[in-house]
Amino acid sequence: MSAPKPAVQGRYEGRTVAITGAAQGLGLAMATRFAAEGATLALVDVNDACLTEAAEAVRKEHGATVLATTVDVTDSGQVAGWIGAVEAATGSVDVLVNNAGIIRDNRVENITDEDWDAVIDVSLKGAFLCARAVLPGMRCRRYGRIISFSSMSWRGNFGQANYPRFFIGCLIVVVRRRCRGRGVDSGMRVRQWPRRAAVAGLRSSGL
Ligand SMILES: NC(=O)c1ccc[n+]([C@@H]2O[C@H](COP(=O)([O-])OP(=O)(O)OC[C@H]3O[C@@H](n4cnc5c(N)ncnc54)[C@H](O)[C@@H]3O)[C@@H](O)[C@H]2O)c1
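Heads up: these notes are all about the structure in this document. (Residues numbered from 1 in each chain as written. Predicted model: local features only at pLDDT ≥ 70, side-chain atom pairs only at ≥ 80, totals over all residues.)

1. Overview of the environment of Gly 77
Among the secondary structure elements, Gly 77 is positioned in helix H3 (residues 76–90). Separated by 52 residues in the primary sequence, Gly 77 and Leu 129 have C-alpha atoms spaced 9.4 Å apart. (Helix = DSSP H or I, 4+ residues; strand = E, 2+ residues; numbered from the N terminus.)

What follows is the structure, given as structure tokens:
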């Protein structure tokens, strides 16, 4: 038996939602859901062929406007160019979903320098670069949502010493603080999920 479809309320009509790593998996699932709620989508991924196919599928299913761009989230120039182009085309980026990520699980002693850098770059630096690119516009418009994923890996998942979701908790908290008390707080929410991981990151960082 298939799961019941969630009620569609058009909650994102007139909003532009930017999702990284949207060619498949969770990113594509979120893109489909936001499209069902009326959002204009700005999707990026490094997998060009898969992204084109995904964007076409979402367009067909929901009649959504979908801007699909091949962007490597670890490249600050590409990220800045992408967000600038989306803001020029749609007027705003209202929601950013930092979803792009890779895993290179291994025993600590077997993690190579390259694998460490690759995972941290995509999941952590990528989330930072995208948040940095959208923040000025969100603060200026006094509206924005940034969704970044933490993970239970902060507990020390086997093979995931290089999985930076723990540190994303710190990034989320710092971005949230940056948005507070500057006239933006009422319209800006930076979600922490799961809360415990973010709190653990906050405590250990001494913030
Ligand atoms: N699936 C899970 O159980 C789970 C659990 C916790 C966290 N997460 C995180 O959620 C996110 C999505 O998970 P998923 O299972 O859908 O992963 P996935 O591998 O199916 O999708 C990730 C997407 O990110 C893209 N990507 C990789 N590097 C990129 C880069 N440099 N620039 C742009 N795009 C890039 C990939 O091409 C891919 O399409 C990941 O960040 C993952 O770490 C997943």
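The structure having been displayed, the exposition proceeds.
2. Quick look at the nonpolar core
Generally speaking, a soluble globular protein has its nonpolar side chains buried in company with each other. Ranked by internal contacts, the top residues of the largest apolar core, which has 51 residues, are Ala 31, Leu 41, Leu 43 and Val 134. With eleven residues, helix H4 (residues 113–141) is the single largest residue contributor to this core. (Core = buried A, V, L, I, M, F, W, Y, C linked by C-beta atoms within 7 Å. Buried ≥ 20, exposed ≤ 12 C-beta atoms within 10 Å, placed from the backbone.)

3. What to know about the site of the ligand
The immediate surroundings of the ligand are formed by 23 residues, with Gly 21, Gly 25, Leu 26, Ala 100 and Gly 101 found nearest. Secondary-structure elements contributing two or more residues to the shell around the ligand are helix H1 (25–36), strand E2 (40–45) and H4. Looking at the shell around the ligand residue by residue, the classes come out as nine nonpolar, twelve polar and two charged. (Near = placed C-beta within 6 Å. Nonpolar A, V, L, I, M, F, W, Y, C, P; charged D, E, K, R; others polar.)

4. Quick look at H1
Taking 1.5 Å of rise per residue, the twelve residues of H1 would be expected to cover 16 Å, and the 17 Å separating its terminal C-alpha atoms lies within 8% of that figure. Elements that come into contact with the buried residues of H1 comprise strand E1 (16–20), E2, helix H2 (48–62) and strand E4 (95–98). After H1 finishes, the residue Gly 38 shows a positive phi value of roughly 90 degrees. (Expected span 1.5 Å × (residues − 1). Contact = placed C-beta atoms within 7 Å.)

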